[in-house]
Amino acid sequence: MTTPPPGLRERKKQATREALREAALRLAVERGPDQVRVEDIAEAAGVSPRTYNNYFASREQAIVSAVTADREARIAAAVAARPAGVRLADAVTEAVVEQYTNTSEREHEALLLITARTALREAFLDTTAGIEPPLTAVIAGRLDDTGARTARVLAASVAAAVRIALEVWLQPTGNAEAAGSFGAGGLVVPSGSLPDQLRAALAPLAPAFDAAERRTQEAARSADDD
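Below you will find a few notes about this structure. Here the structure is a predicted model, which means the values were calculated and not measured.

1. Looking at the overall build of the protein
Item 1. Across its full length, the protein carries 13 helices and zero strands.
Item 2. Listing the helices and strands of the protein from first to last along the sequence gives α-α-α-α-α-α-α-α-α-α-α-α-α.
Item 3. In the protein, buried positions account for 39% of the 226 residues.
Item 4. In the protein, the proportion of contacts linking residues at least 24 apart, taken out of those at least 6 apart, comes to 69%.
Item 5. Just so you have it, the protein exposes about 12200 Å², and 52% of that area is on carbon and sulfur atoms.

2. Some points on the environment of L205
Item 1. Residue position: L205 is located in the loop between α12 (194-202) and α13 (206-225).
Item 2. For L205, a relative accessible area of 16% gives the class buried.
Item 3. Here the alpha-carbon distance between L205 and A89, two residues 116 residues apart in the chain, equals 7.6 Å.
Item 4. With residues up to four places along the chain from it excluded, the contact list for L205 reads S157, V158 and A161.

3. Focus: the packing of aromatic side chains
Aromatic ring pairs are reported here in terms of the distance separating the ring centres and the angle at which the planes meet.
Item 1. Scanning the model with the defined rule gives one aromatic pair in all.
Item 2. Just above the ring of F56 sits the side chain of R17; from NZ or CZ to the centre is 5.6 Å.
Item 3. The lysine or arginine in question, R71, covers the ring of Y100, its NZ or CZ lying 4.1 Å from the ring centre.

4. Re empty space enclosed by the protein
Item 1. Counted by the stated rule, this structure contains one cavity of 30 Å³ or more.
Item 2. By volume, the largest cavity amounts to about 60 Å³.
Item 3. V67, R71, Y100, T103, E107, L111, F124, L166, W169 and L194 are the residues that line the largest cavity.
Item 4. If you list the elements that add at least two residues to the lining of the largest cavity, you get α7 (105-115) and α10 (149-170).
Item 5. When the residues that make up the lining of the largest cavity are grouped by side-chain class, the tally is seven nonpolar, one polar and two charged.

5. Looking at the pattern of salt bridges
Item 1. This model, assessed by the stated rule, comprises 18 salt bridges.
Item 2. The closest approach of N and O atoms between R59 and E60, which form a salt bridge, is 3.0 Å.
Item 3. With relative accessibility at 23%, the residue R59 sits in the partly exposed group.
Item 4. Judged by its relative accessible area of 16%, E60 is buried.
Item 5. E122 is the salt-bridge partner of R163, the closest N and O atoms lying 3.6 Å from each other. Residue R163 is found in helix α10, and its partner E122 is found in helix α8 (residues 118-126); the two are separated by 41 residues along the sequence.
Item 6. Owing to a relative accessible area of 32%, E122 belongs among the partly exposed residues under this scheme.

6. Some remarks on helix α5 (residues 71-81)
Item 1. When we look at burial in α5, the residues that qualify are R71, E72, I75, A76, A78 and V79. Along the axis of α5, the buried residues cluster in a sector spanning 160 degrees; they form a single face. Those residues of α5 that are exposed and aimed more than 90 degrees away from the buried face are A80 and A81.
Item 2. Buried residues belonging to α5 abut α4 (59-68), α6 (88-101), α8 and α9 (132-143).

Here is what the cut-offs are and how they apply
Residues numbered from 1 in each chain as written. Predicted model: local features only at pLDDT ≥ 70, side-chain atom pairs only at ≥ 80, totals over all residues. Heavy atoms only, no water. Helix = DSSP H or I, 4+ residues; strand = E, 2+ residues; numbered from the N terminus. Buried < 20%, exposed > 50% of the residue type's maximum accessible area, 1.4 Å probe, protein only. Contact = heavy atoms within 4.5 Å. Areas by Shrake-Rupley, 256 points an atom, 1.4 Å probe, with all protein chains shown as cover. Phe/Tyr/Trp six-rings, centres within 6.5 Å; stacked < 30°, edge-to-face > 60°. Lys NZ or Arg CZ within 6 Å of the ring centre and 35° of its normal. 1 Å grid on protein atoms, 1.4 Å probe; cavity = no way out; pocket = protein on both sides within 12 Å on 5 of 7 lines; lining within 4 Å. Points joined across faces, edges and corners; volume = space filled by probe spheres on them. Nonpolar A, V, L, I, M, F, W, Y, C, P; charged D, E, K, R; others polar. Salt bridge = Lys/Arg side-chain N within 4 Å of Asp/Glu carboxyl O. Arc of directions from axis to C-beta.

The following block contains the structure:
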């Protein structure tokens, strides 16, 4: 079934969202995040502060959105694109790793900006919750989970695992003074390999994915026998 293209209203909303997040990131890079107000972002995007508040709850959300835009949907789409014969746990893991590590030079620059501010780091970590809804739908389709309870639990677990991996990756290494800078807003130098952190965090979920797939396969065989 082909998804119909978005209507004019939705296209306008998407264009406004893109303009706001692009303006937020540009101003944050030019002035520094602490020198950017919501009013500044709204003016640069050509909308009112009231319109801004319909899209983002803070300047941090808008800045981070310029890096994470549509990532949750891309993860779900990448899982859906994997062949049916691919183990679901592997499909999810590779989709997550791919979407969190294949960043452009511009996104890398923005990520460095994010690691330098506590509020931006927290907003960045909070975006992982958005993984759950689109991934639930894809997992439910793979598992034929009409109630979507199992799919939702698995998708929520993936979102939690990704957040933990990012927290570990962003946790400063070294002495106590360096660790204290994480809470104080100092520059954080990411530790270790992000792909390795993501795979390690997602690995404990593999047995649950495998068990869910086995139940689906057994149910299908039982239905064929009938």
